[in-house]
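Here is what each chain is made of, one letter per residue.
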Amino acid sequence: MIIMNLFKNIYKIILLINLLISCTFAQVINKVEPPNWWVGMKLNKIQLMVYGENLNNISASFNDKSIKVIKVHDIKNSNYAFIDIEIPSTIQQGEYTLTIKKNKKEVDFPFYILNREPIEDRHNGFSNKDAIYLIMPDRFVNADIYNDTIEGIINDYKPYDGMSRFGGDLQGIINKFDYIKELGYTSIWLNPITENNCKMSYHGYASTDLYKIDPRLGTNLLYKTLVEEAHKKDLKIIFDHIANHISINHPWIKNLPTEDWLNGTPKNYFITSHNKKAFSDLHSSKESIHRNEDGWFTPEMPDLNQRNPYVANYLIQNMIWWIEYSGLDGIREDTYPYADQKFMARWNKTILDEYPKTNIVGEAWESDPVNTAFYQKDSYLNKEFNSNLPSVMDFALMDKFQKYLSGEASIFSIYESIAKDFVYPSPNNLFTFIDNHDYQRGIFSAKGNIAKFKTAVAILLTSRGIPQVLYASELGIQGGKSHSELRFHFPGGMPDDKRDAFTKEGRTEEENDLYNFYKKLLTLRKEYPALSQGKMTHFPPVDNVYYYFKEMNSEKFFVVINGEDKEKQFDLKLVEDKIKGVKSFNNVLNDETLTPQNAKIQLKEFDIKIYKVI
């Protein structure tokens, strides 16, 4: 009897031990990314990234067997699992159950498959038909003061402290769509809006969650609403994406999914060489390329390893998820030359295969057109592979605008930069600008000389390419050289502002003059396609007068710009081959009319003439 009781007690102990072991080593699912997918996507084979515990040696299935589990990848880190699945085109929208099984234990997690929304008014890209307004969301309009600080998010809300958060948000941008549209813009580029739970987070370039809008800006649903409301007003939205790096505060950093998830580790890394010429340089070594693309941008921005297949799949799916979820129109890809270039070519192609109407512009900060042209799709210079990148940011032209405005160079330097367009496969698809969120404002370089600044604006908005203008440029905001100065907030955007420059009454006379100048040129771009999309024929500046024609179908325009603070005369004989049979020149900026018989065009200092040729 004693022996039997002893065996019973031993058996109970064994059962208890087995139960404890079972509980201790049971699998747990905390999150799945992407959180959903859609019916009818070209990319119907996706890779789920599962976060949790004890996820090694698992099997996976769905309650609907038509969702195929192709492979469960075996990795060392049991806090993650990667599961390849295929979604059939015949499946119905709904909630499905992902079941993960291990040691006879099963754990369920919901996975949603949705119908795609009609695409007629979505994913429309951007082109030289457009004019783009660049907004740093935190520095534009604070419409929701209740999200200025969020529990669980590092609090760096210090309005008017240049390196901290001001409180601008997505609702503030929505509230100013009418202002932006009335000014004449057709597209809006927002600096990054995903969660940045880190210090100095206002700029958005250090993400801590790639599937979540920063809660101080709003929610995922509000971003989707922003895109939808923009489309109702015929405004396009461009998403600022970063494949190159994340924040040091991203949860991955404390527990890397794989040993090679990053280039280096938080304890063993090097800063990038910033040698973006390494890819285009025929004599460049592999080490030079390695020092550029595998280095960290800053110690706070760990460098993602896109050669890791799981990282690559994650980044591709993440961007497609945002496009499909929100309906956005285009992408601006940050720090383009710092990422693995063959991966970026795949990234571009996959996105464009899924959304052929969209456009992607890469930030390749080079002051020489040759080095910039290397990155554009169908480049004559990249013999190894096609980048598949439709557009590149024309930093070479920006550099010449800035040097002209500062007095370091003449207007001839702008002509010289555009004269090198032969290196680009598609110069009309270049993203052009005088300044942006990373470089001092043009009016600052011009030392407040608005007349001179206007000449650069006129060239930007009437020459070739896709023009982008930084928010508040229409006010002549000068800022300074530092990021905290040039990223000045829009006057009237914050609750404690003493004036509202979104209104005519809140602007000074000088500000209204510049505002009206922008509005006039942007209106002309819409009214006359030749100014935005027409073939450009330009001439070497004579006596610092830059002149060119823009032609499309039956429309012809003649632009004459005096790049000096001296009065000039322009002799029409210089363009006599282009004006044969012309009856008159009508200046669309005022009521001035000339005939070829006038022979001479009188130019005031920094004068701008835009003639419709009749």
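Check the entry above for the structure.
Described below are features of the structure shown in this document. (Residues numbered from 1 in each chain as written. Predicted model: local features only at pLDDT ≥ 70, side-chain atom pairs only at ≥ 80, totals over all residues. Heavy atoms only, no water.)

1. Considerations on the overall build of the protein chain
Right, so step 1: Per the secondary structure count, the protein chain includes 16 helices and 26 strands.
Right, so step 2: Taking 2.2 N^0.38 as the reference for a compact globule, 614 residues should give roughly 25 Å; the C-alpha atoms of the protein chain span a radius of gyration of 28 Å, in line with that estimate.
Right, so step 3: When the backbone C-alpha atoms are referred to their principal axes, the protein chain occupies close to 125 × 55 × 50 Å.
Right, so step 4: The buried share among the 614 residues of the protein chain stands at 58%. (Helix = DSSP H or I, 4+ residues; strand = E, 2+ residues; numbered from the N terminus. Rg over C-alpha atoms; globule rule 2.2 N^0.38 Å. Buried < 20%, exposed > 50% of the residue type's maximum accessible area, 1.4 Å probe, protein only.)

2. Section: the side chain of Asn197
Right, so step 1: With respect to the element layout, Asn197 can be found in the loop between β11 (194–195) and β12 (209–213).
Right, so step 2: Its relative accessible area of 18% is what places Asn197 among the buried residues.
Right, so step 3: A distance of 3.3 Å separates the side chain of Asn197 from the backbone oxygen of Gly152, its partner in a polar contact.
Right, so step 4: Not counting chain neighbours up to four residues away, the residues in contact with Asn197 comprise Gly152, Ile153, Ile154, Thr208, Arg216 and Asn249. (Polar contact = N/O pair within 3.5 Å; in protein donor to acceptor, adjacent residues only side chain to side chain. Contact = heavy atoms within 4.5 Å.)

3. A word on the sheet that holds strand β3 (residues 45–53)
Right, so step 1: Strand order across the open sheet formed by 4 strands is β1-β3-β6-β5, with antiparallel pairing between neighbours. The sheet is open, and its two edges are formed by β1 (28–33) and β5 (68–73), each paired on a single side. The average angle at which neighbouring strand axes cross in this sheet is 30°, direction not considered.
Right, so step 2: Both β5 and strand β6 (residues 80–86) contribute to a ladder of 5 bridges, which runs antiparallel. Within the sheet, the bridge partner assigned to Lys71 lies in β6 and is Asp84.
Right, so step 3: Sheet contacts for helix α7 (residues 309–326): β1, β3, β5 and β6; angle to β3, the most-contacted strand, approximately 110°. (Pairing = 2+ DSSP bridges. Axes fitted to C-alpha atoms, helices over the stretch in contact; angles between N-to-C directions.)

4. Some thoughts on helix α15 (residues 509–527)
Right, so step 1: For α15, which comprises 19 residues, the first-to-last C-alpha distance of 26 Å matches the rise-based estimate of 27 Å (1.5 Å per residue) to within 8%.
Right, so step 2: Turning to α15, its buried residues number three or more, namely Glu511, Asn512, Leu514, Tyr515, Phe517, Tyr518, Leu521, Leu522, Leu524 and Arg525.
Right, so step 3: Residues of α15 that are buried make contact with α3 (177–183), α13 (450–462), β18 (466–470), α16 (529–533) and β26 (608–613). (Expected span 1.5 Å × (residues − 1).)

5. Some details on the pattern of salt bridges
Where side chains of opposite charge bring their charged atoms close, a pairing between them can arise.
Right, so step 1: Going through the model one piece at a time under the given rule, you end up with 41 salt bridges.
Right, so step 2: Note that Arg165 is salt-bridged to Asp138, the shortest N-O span being 3.9 Å. Here the residue Arg165 occupies a position in the loop between β9 (132–135) and α2 (170–175), and Asp138 occupies one in the loop between β9 and α2, the gap between them amounting to 27 residues. Assigned by exposure class, Arg165 and Asp138 land together as buried.
Right, so step 3: The closest approach of N and O atoms between Lys578 and Glu551, which form a salt bridge, is 2.4 Å. One end of the pair, Lys578, is in the loop between β22 (568–571) and β23 (585–587); the other, Glu551, is in strand β20 (residues 545–552), and 27 residues separate them in sequence.
Right, so step 4: Classification of Lys578 by relative accessible area gives partly exposed; the value is 22%.
Right, so step 5: Residue Glu551 is classed as partly exposed on the basis of its relative accessible area of 23%.
Right, so step 6: Through salt bridges with shared partners, a single ionic network connects Glu117, Arg122, Lys224 and Glu228. (Salt bridge = Lys/Arg side-chain N within 4 Å of Asp/Glu carboxyl O.)

6. Some remarks on the sheet that holds strand β4 (residues 59–62)
Right, so step 1: With respect to topology, 4 strands assemble into an open sheet ordered β2-β8-β7-β4, the strand pairing being mixed. Bordering the open sheet on either side are β2 (36–38) and β4, each of which pairs with just one other strand. This sheet shows a mean twist of 30° between the axes of neighbouring strands, independent of strand direction.

7. A look at unusual backbone geometry
Right, so step 1: Omega for the peptide link from Glu33 to Pro34 comes to -5°, which places this bond in the cis form.
Right, so step 2: Relative to the assigned elements, Pro34 resides in the loop between β1 and β2.
Right, so step 3: One non-glycine residue, Lys447, lies in positive phi territory at about 55°.
Right, so step 4: Take Lys447: it is sitting in the loop between α12 (442–445) and α13.

8. What about the pairing of strand β14 (residues 330–333)?
The side chains of a regular strand alternate between both faces of the sheet.
Right, so step 1: Of the two faces of β14, both are covered, the one formed by Gly330 and Arg332 as well as the one formed by Ile331 and Glu333.
Right, so step 2: Pairing between strand β13 (residues 236–241) and β14: 4 bridges, direction parallel. Note on β14: the bridge partner recorded for Asp240 is Arg332.
Right, so step 3: Examined bridge by bridge, β14 and strand β15 (residues 359–362) share 4 bridges and lie parallel to one another. Each bridged residue has a counterpart across the sheet, and for Glu333 the counterpart in β15 is Gly362.
Right, so step 4: The handedness of the β14 to β15 crossover, carried by helix α8 (residues 341–354), is right-handed. (Right-handed = clockwise from strand over helix to strand, strands pointing away.)

9. Some remarks on the packing of α7 against α8
Right, so step 1: As a packed pair, α7 and α8 sit with axes 10 Å apart at the nearest point and diverge in direction by 30°. Our classification of the angle between α7 and α8 gives roughly parallel. For the element pair α7 and α8, the recorded crossing hand is right-handed. For the pair formed by α7 and α8, the contact residues are Ala312, Asn313, Leu315, Ile316, Met319, Ile320 and Ile323 on the first element and Phe343, Arg346, Trp347, Thr350 and Ile351 on the second.
Right, so step 2: Of the residues assigned to the contact of α7 with α8, the class counts are 9 nonpolar, 2 polar and 1 charged. (Parallel < 35°, antiparallel > 145°, perpendicular 65-115°, else oblique. Left-handed = near helix turned anticlockwise from the far one by under 90°. Nonpolar A, V, L, I, M, F, W, Y, C, P; charged D, E, K, R; others polar.)

10. What about the packing of aromatic side chains?
Right, so step 1: Applying the stated criterion across every chain, the model contains 47 aromatic pairs.
Right, so step 2: Plain terms: the ring middles of Tyr211 and Tyr314 are 5.7 Å apart, the flat faces sit at 85° to each other, and that makes the pair edge-to-face. Linking Tyr211 in strand β12 with Tyr314 in helix α7, this pair joins segments that are 103 residues apart in sequence.
Right, so step 3: Under the relative-accessibility criterion, Tyr211 is labelled buried at 7%. (Phe/Tyr/Trp six-rings, centres within 6.5 Å; stacked < 30°, edge-to-face > 60°.)

11. Side note on the packing of α13 against α15
Right, so step 1: Where α13 meets α15, the closest approach of the two axes is 11 Å, and the angle between their N-to-C directions is 15°. As far as their axial angle goes, α15 and α13 are roughly parallel. Like other packed secondary-structure pairs, α13 and α15 cross with a definite hand, here right-handed. In contact with Ile450, Phe453, Lys454, Val457, Ala458 and Leu461 of α13, α15 contributes Glu510, Asp513, Leu514, Phe517, Tyr518, Leu521, Leu522 and Arg525.
Right, so step 2: When grouped by side-chain class, the residues that make up the contact of α13 with α15 number 10 nonpolar, no polar and 4 charged.

12. Quick word on the side chain of Lys550
Right, so step 1: In this fold, Lys550 is placed in strand β20.
Right, so step 2: For Lys550, which is buried and forms no salt bridge, the nearest opposite charge comes from Glu555, at a distance of 9.5 Å.
Right, so step 3: Not counting residues within four places of it along the chain, the set of residues in contact with Lys550 comprises Thr462, Ser463, Arg464, Ala530, Leu531, Ser532, Gly534, Lys535, Met536, Glu555, Lys556 and Phe557. (Lys, Arg positive; Asp, Glu negative; His and termini not counted.)

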